[in-house]
Amino acid sequence: MKELTRLIKEDMKPALGVTEPGAIAYAVASARTYVQGEITKVRVAMNSGMYKNAYTCGIPNSSHFGILYAAALGAVAADAGKGLESLEDITPKDDIKAAEMVDRGLIEAVLDHIGSEITIDATVETTQDCCTVHIRDAHTNIVSIEKNGIGIYQKEEGKETDGSGHGRHPAGEGEIPAVHRYSLREIVEYVREAPEEEISFIREAFSMNMELLEEGIASGRTVITKHLLKENGGDVISDDVRKTAQLLCGGAIEARVLGLGRPAMSITGSGAHGIIATMPLLAQYKAGGTRTDEALLLRAAALSYLVTMYIKEYSGRLSAFCGCGIAAGTGMACGLAFMKGAKDGEIAGVIQNMASGLTGMICDGGNHGCTMKGIVAVDAAFRAVDLALAGVCIESIHGINGRTPEDTMRYMGMIASPGMAETEKTIVEIMQQK
């Protein structure tokens, strides 16, 4: 298996609802497994990106929103063994019990620091025990556990897990991330040459995200999806590629942020990233009589994922810029261009156009507004591709565009981290004021 295939395969994971509530519930549920007795206190401390993203987002199988209820459900009934799908089996009785814990003041959420790298410290106190689980860098990456003041687990340095017991080895401190060892030209060459059977696993992302979309269409809670469906003539797949792309992408995102009960296929730890990176490509494949062989769709998705990962390695997993729209939107735009037969230079032009047009989009948490950001990203991507294929792009002397596409992607990430640390602080303060 080629290294880039392995990177994609290890990064693709099902995620139920917005990733951050699932991660919070997972952390608390993990701590709960080590204690006995009645729970008297749950405390979750986290970085600003985690705190912000979970602040008002919907929770799968729950009528509630936000950090406190996610943590309470983690204490009540979440299944730590299911990782980011830890809330899959929550019942209405569990939801009531979690709300009672919140009402009694047993749940505390703390903004630990402003930062884009993921940190969660979840403590569960009972009448008999106290256990703290520490997560770093990835949503389910437990690095250490203490019980009653004694360390009972310390992860082997340099080894990261996905929460299911399967290890992966990220770049160490100061080491170049694996995806950054490749140029855009080399990534595109890999996408063109990878054996179809080697990337066939990507097919699951399309089926999973389509099932989420269908859940959203059927739900009485979605409103944007209903409007997008109406705009598309009442058809999920119509003759209009862009309107179909808006529906497939926006509808799946809305279902996800409202906490409907089906997972999205995430990339870089985010379901919305995974949706934006794939669903408009499916529209290009299916809508308007443009269908080609499926191998082209899979290759385009591989390119979309890798460009998304490339930018996110610079920006950090959670920051003040909207990685969904900016990173995944740029990846998806490259995939669209690939499906339309773009040459390497034209794909580089797509990146320049996206960097110039979309980089300022902020992230104000995982919430209903993510649907609007997805809509904007789809519009920007189709326009960026059309311009690049016509030989029009914003030249490298302008703005944050670099001399190479690799530099441009690096500068896009730098806008988020370290560039938007103060913006992140302001966003959180605004949310807390409300």
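Computed from a prediction, not measured in an experiment: that's the story for all the values here. (Residues numbered from 1 in each chain as written. Predicted model: local features only at pLDDT ≥ 70, side-chain atom pairs only at ≥ 80, totals over all residues. Heavy atoms only, no water.)

S.K.: Explain a nonpolar patch on the surface residue by residue, including any values.
M.R.: Together, Tyr34, Ile150, Ile152 and Tyr153 line one region of the surface with nonpolar side chains, adding up to about 370 Å² of accessible area. Its place among the elements puts Ile150 in strand β7 (residues 150-154). (Patch = residues over 30% accessible without salt bridge, like charges linked within 9 Å, V, L, I, M, F, W, Y side chains within 5 Å. Areas by Shrake-Rupley, 256 points an atom, 1.4 Å probe, with all protein chains shown as cover. Salt bridge = Lys/Arg side-chain N within 4 Å of Asp/Glu carboxyl O. Helix = DSSP H or I, 4+ residues; strand = E, 2+ residues; numbered from the N terminus.)

S.K.: Account for empty space enclosed by the protein, with residues named and values stated.
M.R.: Rolled over the atoms, a probe with the dimensions of a water molecule shows which regions are left empty. With the rule as written, the count across this model stands at 2 cavities of 30 Å³ or more. When its volume is computed, the largest cavity comes out at roughly 230 Å³. Looking at the largest cavity, it is lined by 25 residues, and the ones nearest its centre are Asn53, Ser270, His273, Cys324 and Cys363. Put simply, the parts of the chain that give the lining of the largest cavity at least two residues each are α2 (19-32), α10 (271-286), α12 (323-339) and α14 (369-389). For the lining of the largest cavity, the per-class residue count stands at 8 nonpolar, 11 polar and 6 charged. (1 Å grid on protein atoms, 1.4 Å probe; cavity = no way out; pocket = protein on both sides within 12 Å on 5 of 7 lines; lining within 4 Å. Points joined across faces, edges and corners; volume = space filled by probe spheres on them. Nonpolar A, V, L, I, M, F, W, Y, C, P; charged D, E, K, R; others polar.)

S.K.: Go over the nonpolar core with me, naming the residues and quoting the values.
M.R.: Buried together is how nonpolar side chains tend to be arranged in soluble globular proteins. Of all hydrophobic cores here, the largest spans 143 residues; its most connected members are Val42 and Ile202. Considering each element in turn, this core owes the most residues, 13 residues, to helix α11 (residues 294-315). With sequence-adjacent residues up to four places away left out, Ile202 is seen in contact with Ile8, Met12, Leu298, Ala301, Ala302 and Tyr305. Membership of the second largest hydrophobic core comes to 5 residues, among which are Ile224, Leu229, Leu247 and Ile375. (Core = buried A, V, L, I, M, F, W, Y, C linked by side-chain atoms within 4.5 Å. Buried < 20%, exposed > 50% of the residue type's maximum accessible area, 1.4 Å probe, protein only. Contact = heavy atoms within 4.5 Å.)

S.K.: I'd like a description of the pattern of salt bridges, backed by residues and values.
M.R.: Per the counting criterion, the structure on display carries 19 salt bridges. Between Glu10 and Arg6 there is a salt bridge whose closest N-O contact spans 3.2 Å. Highlighted residues: Glu10 and Arg6, both in helix α1 (residues 3-11), separated by 4 residues, approximately one helical turn. Judged by its relative accessible area of 29%, Arg6 is partly exposed. Two residues, Arg242 and Asp386, come together in a salt bridge whose shortest N-O distance is 2.2 Å. Of this pair, Arg242 sits in helix α9 (residues 241-257) while Asp386 sits in helix α14, and the two are 144 residues apart along the sequence.

S.K.: I'd like to hear about helix α13 (residues 344-358), residue by residue, with values.
M.R.: Between its first and last C-alpha atoms α13 spans 21 Å; for 15 residues at 1.5 Å apiece the expected length is 21 Å, and the two agree. Here α13 has its buried residues at Asp344, Ile347, Ala348, Gly349, Val350, Ile351, Gln352, Asn353, Met354, Ala355 and Leu358. The inward-facing, buried residues of α13 contact α6 (184-193), α11, α12, α14 and α15 (405-416). (Expected span 1.5 Å × (residues − 1).)

S.K.: Describe α12, naming the residues involved and giving the relevant values.
M.R.: Taking 1.5 Å of rise per residue, the 17 residues of α12 would be expected to cover 24 Å, and the 23 Å separating its terminal C-alpha atoms lies within 8% of that figure. Within α12, the axis deviates most sharply at Gly329, by approximately 35 degrees. Across the 17 residues of α12, 17 count as buried, placing the element largely inside the fold. A positive backbone phi angle near 85 degrees is found at Gly341, which sits one or two residues after α12. (Bend = angle between axes of the 7 residues up to and from the residue.)

S.K.: So, the sheet that holds β7: which residues are in play, and what are the values?
M.R.: Read from one edge to the other, the open sheet built from 6 strands follows the order β3-β2-β4-β5-β6-β7, with strand pairing classed as mixed. One side of each edge strand has no neighbouring strand; the edge strands of this open sheet are β3 (107-113) and β7. Pairs of neighbouring strands in the sheet enclose a mean axial angle of 15 degrees, with direction left out of account. In this sheet, strand β6 (residues 142-147) lies alongside strand β5 (residues 130-136) in antiparallel orientation, the contact comprising 5 bridges. From the neighbouring strand, His134 faces β6, where its bridge partner is Ser144. Here α2 sits on the sheet and contacts β2 (39-47), β4 (119-126), β5 and β6; the angle it forms with β4, its principal contact strand, is near 40 degrees. (Pairing = 2+ DSSP bridges. Axes fitted to C-alpha atoms, helices over the stretch in contact; angles between N-to-C directions.)

Interpretation note: all reported values are geometric properties and have no functional meaning in isolation.
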